[in-house]
Amino acid sequence: MDDLDRPAAALRALPPSCGPVRLVAVDGHAGSGKSTFAGRLAAALGGAPVLHLDDLATHEELFAWTGRLRAQALGPLSRGEVARIHPYDWNLRRFGPPVPLPPAPVVLIEGVGAGRRALRPHLARLLWMERAAEASWERGRHRDGPAQAAFWDGWTVAETRHFAADPSRPFAHALVRECPEGYEWLPGPAAAAGPNQFITDGDHLLPRSEPPY
C-alpha cells in the first residue's frame, strides 16, 4: 500500500465542506514541496483535481487572489458545478483560456496561502508542509536558478508579510514532513481529538472513528 493511501481514504470519508466537495488545502512556504505532495496525494485519491494558486496569482498580485478564487472556484464548486479557472501565464503576464475544475468528491487546492482566513470556512482539511521558511526558499531558489533571483527577493518579503498578517500553520489539521521515502504525518495545531477530527497512528492521520493501526 502506498504511504498516502490511508490518509487519502480518511479524506474521502470526511463530510463535504464546499457544496458536495471536500476541499483540502495544502499550504506551506514557497519551495516546501507542496506541488509534488499535492500531485502524489491527488493520485492516491484516484486522480483528484488540483487547483494551483499560481494560476490565480499574478506578478502584481502575489496574494490578492481571493476574489478570483471565490468567483472562479468556490462559487461554482459550492453549487456542484464545474469551475472554470483562467490560469495566469507567468511568461506572457496575462490570463489564459478557462480550464475546467470538476466538483469531484475531493478537490485539492495547493499554494502559499491556501489556508488563509478567507478560505478556511470552505475547507474540509488544511495540511501544512512542515519545512522551515529559509530552507524552503533556498530549495526554491536552487530549483528556479539565478534568472529568478530578483523575483525570489521580492517574493520572500511578500510571503513573510502575508503569513505575519494571516498565518495558516496554527490552523492546520496535519503537518506533512517530506522524508527520503514518502511522507511523515503529524497532528497539526488544529487537530483536536474530537469527532470527525484526525488522530495519529504514528505514520498517518485517521478519522477518530477509525482505530489507529
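Residues numbered from 1 in each chain as written. Predicted model: local features only at pLDDT ≥ 70, side-chain atom pairs only at ≥ 80, totals over all residues. Heavy atoms only, no water.

Visitor: Would you mind showing me how to read the sheet that holds strand β2 (residues 50–52) here?
Guide: Note on sheets: strands pair through backbone hydrogen bonds, and any given pair is parallel or antiparallel. Pairing is mixed across the open sheet formed by 6 strands, whose spatial order is β2-β7-β1-β8-β9-β10. What marks the edges here is a single partner per strand, and that holds for β2 and β10 (183–187). In this sheet, adjacent strand axes meet at a mean angle of 25° when their direction is disregarded. Pairing geometry for β2 and strand β7 (residues 106–110), over 3 bridges, is parallel. (Pairing = 2+ DSSP bridges. Helix = DSSP H or I, 4+ residues; strand = E, 2+ residues; numbered from the N terminus. Axes fitted to C-alpha atoms, helices over the stretch in contact; angles between N-to-C directions.)

Visitor: Just checking my understanding: could you explain helix α5 (residues 149–165) for this structure?
Guide: Because an α-helix completes one turn every 3.6 residues, residues spaced three or four positions apart along the sequence face the same direction. End to end, α5 covers 25 Å across 17 residues, agreeing with the expected 24 Å (1.5 Å per residue, within 8%). Within α5, burial applies to W152, W155, T156, E159, H162 and F163. Each buried residue of α5 sits inside an arc of 135° when the element is viewed along its axis, so together they form one side. Those residues of α5 that are exposed and aimed more than 90 degrees away from the buried face are A150, R161, A164 and A165. (Expected span 1.5 Å × (residues − 1). Buried < 20%, exposed > 50% of the residue type's maximum accessible area, 1.4 Å probe, protein only. Arc of directions from axis to C-beta.)

Visitor: Quick question: what am I supposed to make of the nonpolar core here?
Guide: Across soluble globular proteins, nonpolar side chains show a tendency to be buried alongside one another. If you look at the biggest cluster of nonpolar residues, it comprises 35 residues, and the most contacted ones within it are L23, L51, L69, I109 and W155. Mapped onto this core, the elements with two or more residues apiece are β1 (22–27), α3 (66–78), β3 (83–85), β7, β8 (125–129), α4 (133–144) and α5. At 4 residues, α3 tops the list of elements feeding residues into this core. When near neighbours in sequence (up to four residues on either side) are disregarded, W155 contacts A30, L62, F63, V112 and W137. Core analysis: the second largest hydrophobic core is formed by 22 residues, L14, A38, L41 and L108 among them. (Core = buried A, V, L, I, M, F, W, Y, C linked by side-chain atoms within 4.5 Å. Contact = heavy atoms within 4.5 Å.)

Visitor: Would you take a moment to explain the pairing of strand β9 (residues 174–178) for this structure?
Guide: Every regular strand shows the same layout, with side chains that alternate between the two sheet faces. Relative to β9, β8 is paired through 3 bridges, and the arrangement is parallel. Of the residues in β9, the one forming a bridge with M129 is V176. Sheet topology note: the β9/β10 ladder contains 5 bridges and is antiparallel. Following the sheet pairing, V176 is matched in β10 by W185.

Visitor: So what exactly am I meant to see when it comes to the pairing of β1 here?
Guide: Within β1, 6 of the 6 residues are buried, which leaves it mostly tucked inside the rest of the structure. On β1, burial covers both faces: R22, V24 and V26 on one face and L23, A25 and D27 on the other are all buried. Examined bridge by bridge, β1 and β7 share 5 bridges and lie parallel to one another. By the bridge assignment for β7, V26 is matched with E110.

Visitor: Looking at this model, I keep getting lost on the pattern of salt bridges. Mind explaining?
Guide: Once their charged atoms are close, side chains differing in charge can pair, the charge on each being opposite to the other. Scanning all chains against the criterion turns up 12 salt bridges. Of the charged contacts, one joins D3 and R40 as a salt bridge, the two residues approaching to 3.0 Å between their closest N and O atoms. Taken together, the positions of D3 in the segment before α1 (5–12) and R40 in helix α2 (residues 34–44) put the pair 37 residues apart, joining distant regions of the chain. When the shortest N-O distance is used, the salt bridge between E130 and R169 registers 2.7 Å. Placement of E130 in the loop between β8 and α4 and of R169 in the loop between α5 and β9 is noted, with a sequence separation of 39 residues between them. A relative accessible area of 31% places R169 in the partly exposed class. Beyond isolated ion pairs, a larger network of salt bridges with shared partners links R117, R120 and D166. (Salt bridge = Lys/Arg side-chain N within 4 Å of Asp/Glu carboxyl O.)

Visitor: It is not clear to me how the packing of α4 against α5 should be interpreted in this structure. Could you clarify?
Guide: Contact pair α4 / α5: the axes reach a minimum separation of 10 Å and the direction vectors enclose 155°. In terms of axis orientation, α4 runs roughly antiparallel to α5. In this structure, α4 meets α5 at a crossing whose hand is right-handed. Packed against α4, whose contacting residues are W137, G140, R141, R143 and D144, the element α5 presents A149, W152, D153, W155, T156, E159 and T160 at the interface. By residue class, the composition of the contact of α4 with α5 is 4 nonpolar, 3 polar and 5 charged. (Parallel < 35°, antiparallel > 145°, perpendicular 65-115°, else oblique. Left-handed = near helix turned anticlockwise from the far one by under 90°. Nonpolar A, V, L, I, M, F, W, Y, C, P; charged D, E, K, R; others polar.)

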